[in-house]
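# Summary of the model geometry
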Amino acid sequence: MSVFHAHPFRDGEAVMWRNRFLLLFDRVQSALAVCRTDGTILLANPAMAAEWGAPPSKLCGHNALELFRPREPDQMRRLAEALRLGHRSRYPVGVGWSTDGCPRSGEVTVVPVSETSQKEPALLLQLRVREPDSGPAAPADEGLARVSAIEADILAHAAAGATTASIAGSVGLTVDGVNYHLSRLSRRWQVPNRPALVARAYVLGVLEAGVWPPHPVADALS
């Protein structure tokens, strides 16, 4: 008999551990999602949702196969057969998708998780992004930088001097989700900190010059 069957959680303890799990799930920097065996997404963390420039709640209800394109159909057939047989291994699947109109590629590791081997498992998805080789930054006069609507909103609030917590409340993300977007933009534009990021947004034409409060340029949205 397992420890959990010998000493079952009281309702209050179960809620406490569920809340701790959700807090950890949101704070993990790896892109994670939980879905049913049919691919329906039940839960996504900010790092996963950021790949689509959306809050995590927007991914719930979508099918994982709508978001990711498996590169090898045989991998999906092998995964479906393994789940049918009740296997509980880790299954890497090579995938492609698009972020801000740019093609991306990587690997989704699928991990079946359940309380018992008889119960139909949920699937934990962990995305590992294959970063492209970075070249020199494009000069500003080659055109506007393309950003998602959520990224543009975050930049506008940051330019107005809002705190990370205030930005999170305004755009419907967690603090970690906002930090993820800011870090991602800083890497993309090769800047070291938030003031430089805001300055770069103005130089690239993402934020409208001469306007207060700061406002995104509509043509910069992807």
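Note that the coordinates shown come from a computational prediction; the quantities given were computed from them, not determined experimentally.

We now examine unusual backbone geometry. The omega torsion across Trp 212 and Pro 213 is 0 degrees, close enough to zero to call that bond cis. Mapped onto the secondary structure, Pro 213 falls in the segment after α9 (194–203).

Tallied over the full model, the rule gives 5 salt bridges. With a shortest N-O distance of 2.6 Å, Glu 81 and Arg 84 are connected by a salt bridge. Here Glu 81 pairs with Arg 84, and both are found in helix α5 (residues 73–84), just 3 residues apart, close to one helical turn. Classification of Arg 84 as exposed rests on a relative accessible area of 61%. Between Glu 151 and Arg 188 there is a salt bridge, and its shortest N-O distance comes to 3.1 Å. In this pair, Glu 151 is assigned in helix α6 (residues 149–159) and Arg 188 in helix α8 (residues 175–189), connecting sequence segments 37 residues apart. Through salt bridges with shared partners, a single ionic network connects Glu 151, Arg 184 and Arg 188.

Moving on to the confidence of the model for the protein chain. Taken as a whole, the protein chain shows an average pLDDT of 78; of its residues, 79% reach a score of 70 or greater. For the stretch residues 1–7, pLDDT sits under 50, and the model shows 2 contacts to residues farther than four places along the chain or on other chains.

What follows is about the packing of α8 against α9. Closest axis-to-axis distance for the α8/α9 pair is 10 Å, and the angle between their directions is 65 degrees. As far as their axial angle goes, α9 and α8 are roughly perpendicular. Considering the relative orientation of α8 and α9, their crossing is left-handed. The segment α8 lies against α9, with Asn 179, Leu 182, Leu 185, Ser 186 and Trp 189 engaging Arg 194, Leu 197, Arg 200 and Ala 201. The class makeup of the residues in the contact of α8 with α9 is 5 nonpolar, 2 polar and 2 charged.

What counts, and at which threshold
- Residues numbered from 1 in each chain as written.
- Predicted model: local features only at pLDDT ≥ 70, side-chain atom pairs only at ≥ 80, totals over all residues.
- Heavy atoms only, no water.
- Helix = DSSP H or I, 4+ residues; strand = E, 2+ residues; numbered from the N terminus.
- Salt bridge = Lys/Arg side-chain N within 4 Å of Asp/Glu carboxyl O.
- Buried < 20%, exposed > 50% of the residue type's maximum accessible area, 1.4 Å probe, protein only.
- pLDDT = per-residue confidence, 0-100.
- Contact = heavy atoms within 4.5 Å.
- Axes fitted to C-alpha atoms, helices over the stretch in contact; angles between N-to-C directions.
- Parallel < 35°, antiparallel > 145°, perpendicular 65-115°, else oblique.
- Left-handed = near helix turned anticlockwise from the far one by under 90°.
- Nonpolar A, V, L, I, M, F, W, Y, C, P; charged D, E, K, R; others polar.

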